[in-house]
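Structure at a glance
Here's the letter readout for the chains.
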Amino acid sequence: SKTTGERIAVFILPVFDEDGTTVLGTVQRNYNLSDFHELMVSEVTEENQDILIVDDTGSVVAHSGHEISPDEPEDQSSNSFYTESRTKESGSYIAPFNGFVWRVGYKLDLVIGWVSVVARDQSVSMRAANRAAMIVIVVGVIMLIIGGILAFEGILKP
């Protein structure tokens with residue numbers, strides 16, 4: 001915004017006549033991108049999770065981990081989620097970054113070309129599944145021991 005110096009997005013939609021053929025005018029709304037940042041921060045549900053939106057050029061619109069400065073735009077155009085979104089509407093992949101293995105999912109908005117991204121630390125996202133698997137293993141071992149004891153007692157008693 002030239003007035004406030006803050007980062008904004010301007011959404012403009014045409015207003016058509018009753019036939020839907022002639023544009024009578026437009027409706028527009030300015031959104032402060034700091035509001036997008038706050039919205040994404042409220043959607044983070046676990047440690048080591050990032051949510052971000054990039055525009056159709058790969059520039060970060062908003063990020064849950066930090067606010068984007070108007071003076072220092074963040075370019076993600078070489079990141080896999082952006083380059084893949086140029087040919088696929090949505091997808092996911094696993095990638096190492098900063099000492100963690102991340103599960104990354106993205107979705108392209110076909111109308112405006114922005115990409116929504118959620119990245120989660122794989123060890124955190126797999127924690128619940130690992131816990132459930134461990135319970136099954138422990139119960140299985142206990143049942144095996146009980147079965148062995150019962151079988152052994154059956155052998156000893158004629």
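Up top you'll find the structure we're talking about.
Residues numbered from 1 in each chain as written. Predicted model: local features only at pLDDT ≥ 70, side-chain atom pairs only at ≥ 80, totals over all residues. Heavy atoms only, no water.

**Observations regarding the nonpolar core**
Cut-off, in case you're wondering: As used here, the term nonpolar core means buried Ala, Val, Leu, Ile, Met, Phe, Trp, Tyr and Cys residues forming a set that is joined through side-chain atoms within 4.5 Å. When a residue's accessible area, from a 1.4 Å probe over protein chains only, is under 20% of the maximum for its type it is buried; when over 50% it is exposed; and in between it is partly exposed. To qualify as a helix, a DSSP run of H or I must reach at least 4 residues; to qualify as a strand, a run of E must reach at least 2; elements of each kind are numbered from the N terminus.
Among the nonpolar cores identified, the biggest contains 14 residues, and Leu52, Val54, Phe81, Val104, Tyr106, Val115 and Val117 are the most heavily contacted of them. Per-element tally for this core: the top contributor is strand β6 (residues 100-108), with four residues. Grouped together as the second largest cluster of nonpolar side chains are nine residues, Ala9, Leu33, Met40 and Trp114 included.

**Topic: a negative patch on the surface**
Test applied: Think of a patch as exposed residues, more than 30% relative accessible area, with no salt bridge, where like charges cluster within 9 Å and nonpolar side chains (Val, Leu, Ile, Met, Phe, Trp, Tyr) cluster within 5 Å. Only the protein chains shown count as cover for residues, and all accessible areas are computed by the Shrake-Rupley method using a 1.4 Å probe. Each salt bridge in this description consists of a side-chain nitrogen of Lys or Arg and a carboxyl oxygen of Asp or Glu lying within 4 Å of one another. Asp and Glu are treated as the negative residues and Lys and Arg as the positive ones, with His and the ends of the chain left uncounted. Every charge is mapped to an atom, namely NZ of Lys, CZ of Arg, CG of Asp or CD of Glu.
A cluster of like negative charges, contributed by Glu6, Asp35, Glu38 and Glu67, occupies part of the molecular surface. Note that Glu6 resides in the segment before β1 (8-16). Residue class for Glu6 comes out partly exposed when judged on its relative accessible area of 37%.

**Quick word on the sheet that holds strand β3 (residues 49-54)**
Our working definition: For two strands to be treated as a pair, DSSP must find at least two bridges joining them. Axis lines are fitted to C-alpha atoms, over the contacting stretch for helices. Their N-to-C directions set the angle, which ranges from 0 to 180 degrees.
Spatial ordering of the open sheet is given by β4-β3-β7-β6-β5, a layout of five strands whose pairing is antiparallel. The two strands at the open ends of the sheet, each matched to only one other strand, are β4 (60-63) and β5 (90-97). Neighbouring strand axes in the sheet, compared pairwise and without regard to direction, differ in orientation by 20° on average. Pairing analysis gives six bridges linking β3 to strand β7 (residues 115-121), with the strands arranged antiparallel.

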